[in-house]
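A structural walkthrough
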Amino acid sequence: MPAIHNYLPAQYEATSRLEINHNYLQEQFADYEEILAKVAAVVRKGDFTLGREVDLLEEEFAQLAGTKHAIAVGSGTDALMLSLKGLGVREGDEVITTPYTFHATIGAIVTAGARPVFVDITDDYNIDPRFIERAITPRTKAILPVHWSGKPCDMDAIGDIARRHGLAIVEDACHAVTASYRGRPAGSLGSVGCFSFHPLKNLNVWGDGGIATTDSDETASRLRLLRNHGLVSRDECVVFAYNSRLDTIQAVVARHLLEKLAGITAARIANAAAFDRALAGIPQVRVPKRDPGIRAVYHLYIVRCQRRDELQSHLVAHGVDAKVHYRIPMHLQPAAAGFGYRRGDFPVCEQTVAEVLSLPVHEFITAEHRDRVVSLIREFYAS
Ligand SMILES: *Cc1c(COP(=O)(O)O)cnc(C)c1O
């Protein structure tokens, strides 16, 4: 095993030199003194773990997701892992999911003790329900759809399969806060919905955090136990479990951002619509078909393009932080070697990762930024 180093400080430094950036946090937290004043109240009170602010955030978030309960935890990854555990997933069980996701989705399945079973995606980057049913075995416990880029999956089809086979659904809604599917919010579309408050997610905090949403009293109680040592009171432990609590200080930051979330989301949606219009005239660049019954919230604005790596270099050389989310699908990761998948198993996914490019779409992207990005793309294909 080679020595593992923290690669993030160098990465922050490299991307902060670009002009049109994915990382916009200095601007977003320009009002940090206002937040610090609210944090000071927590310091004076001293309720750092599962303090009052955590309860308030949970109430507000449940309302937002249209669920009876929300349970705040240490990260989006923990929301997923604890949800699987809370639903009774155990060693030897299988969870059907997508190979086109962030590593955390699969990490959560594996650390919950289960085996990830991959099926291919569609042209909109989300799991293809047509392949799910064939992947079900007697060991299948749950389906874990990922609302990639902030667009909810085809939940009517997935819900139908889950009902017929008695499977749980855990939504990875880490990209999808306030997204909705045929009028129903992400997080209310399965057994449990899982969200991340990572700094670069649409609703973010000053570090790590996450939350799980559910209508089930039973599942909510299990999650409350699992995140806090299995304690029902200071003295009584009913299951030996984890410490994965959202810090009270982070709940303060999340509540501050909740007040701005509608504006943040509207700006992302407007930027995406403007990019859609501007890019429609460039045949080498394509976006997925947009579905008017689905509210996508554009955590990422992902295009498919010809000569992707060259276009990315061109954009970066001209100050645009164009990124690839992500180059290696989960079934081809070194970590997946033991699962027996091979190149060619999921052709749509493999083609997708060779073509995708994410353009900055956050709320501080202006019309001038967008024009600049689109001109650079035009210029690239004209040369
Ligand atoms: C960010 C993310 C996660 C994990 O969230 P963390 O809060 O970083 O643990 C899980 N799934 C997806 C799709 C994500 O983008």
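Structure first, text after, so check above.
This text gives an overview of the structure that appears in the document. (Residues numbered from 1 in each chain as written. Predicted model: local features only at pLDDT ≥ 70, side-chain atom pairs only at ≥ 80, totals over all residues. Heavy atoms only, no water.)

**Brief notes about the site of the ligand**
In the vicinity of the ligand there are 16 residues, among which Thr 77, Asp 172, His 175, Ser 196 and Lys 201 approach most closely. At 2.7 Å from a nitrogen atom of the ligand is found a side-chain nitrogen or oxygen belonging to Asp 172. Take Lys 201: an N or O atom from its side chain is 3.0 Å from an oxygen atom of the ligand. Protein contact buries 93% of the 380 Å² of open area that the ligand shows by itself. Every element with two or more residues in the shell around the ligand is listed here: helix H5 (76-86) and helix H6 (103-111). Within the shell around the ligand, the residues separate by chemical class into six nonpolar, eight polar and two charged. (Near = heavy atom within 4 Å. Polar contact = N/O pair within 3.5 Å; in protein donor to acceptor, adjacent residues only side chain to side chain. Areas by Shrake-Rupley, 256 points an atom, 1.4 Å probe, with all protein chains shown as cover. Helix = DSSP H or I, 4+ residues; strand = E, 2+ residues; numbered from the N terminus. Nonpolar A, V, L, I, M, F, W, Y, C, P; charged D, E, K, R; others polar.)

**Quick word on the pairing of strand E12 (residues 301-305)**
Along E12, five of the five residues are buried, which leaves the element largely enclosed by surrounding structure. Of the two faces of E12, both are covered, the one formed by Tyr 301, Val 303 and Cys 305 as well as the one formed by Ile 302 and Arg 304. Across two bridges, strand E10 (residues 285-286) lies against E12 in antiparallel orientation. Of the residues in E12, the one forming a bridge with Arg 286 is Arg 304. Relative to strand E13 (residues 356-359), E12 is paired through four bridges, and the arrangement is antiparallel. Residue pairing across strands places Arg 304 opposite Val 356, the latter belonging to E13. (Buried < 20%, exposed > 50% of the residue type's maximum accessible area, 1.4 Å probe, protein only. Pairing = 2+ DSSP bridges.)

**Structural notes on a nonpolar patch on the surface**
Taken together, the side chains of Tyr 7, Leu 8 and Tyr 12 present a nonpolar region at the surface, about 350 Å² in accessible area. On the secondary structure map, Tyr 12 appears in helix H1 (residues 8-16). (Patch = residues over 30% accessible without salt bridge, like charges linked within 9 Å, V, L, I, M, F, W, Y side chains within 5 Å. Salt bridge = Lys/Arg side-chain N within 4 Å of Asp/Glu carboxyl O.)

**As for the packing of H5 against helix H9 (residues 217-227)**
Two elements in contact, H5 and H9, have axes whose closest approach is 9 Å; the angle formed by their N-to-C orientations is 120°. Between H5 and H9, the angle is such that the two are oblique. Remark: the crossing between H5 and H9 carries right-handed chirality. Taking contact as the criterion, the partners of Leu 82, Ser 83, Lys 85 and Gly 86 in H5 are, on H9, Arg 222, Leu 223, Leu 226 and Arg 227. The residue makeup of the contact of H5 with H9, split by class, is three nonpolar, two polar and three charged. (Axes fitted to C-alpha atoms, helices over the stretch in contact; angles between N-to-C directions. Parallel < 35°, antiparallel > 145°, perpendicular 65-115°, else oblique. Left-handed = near helix turned anticlockwise from the far one by under 90°. Contact = heavy atoms within 4.5 Å.)

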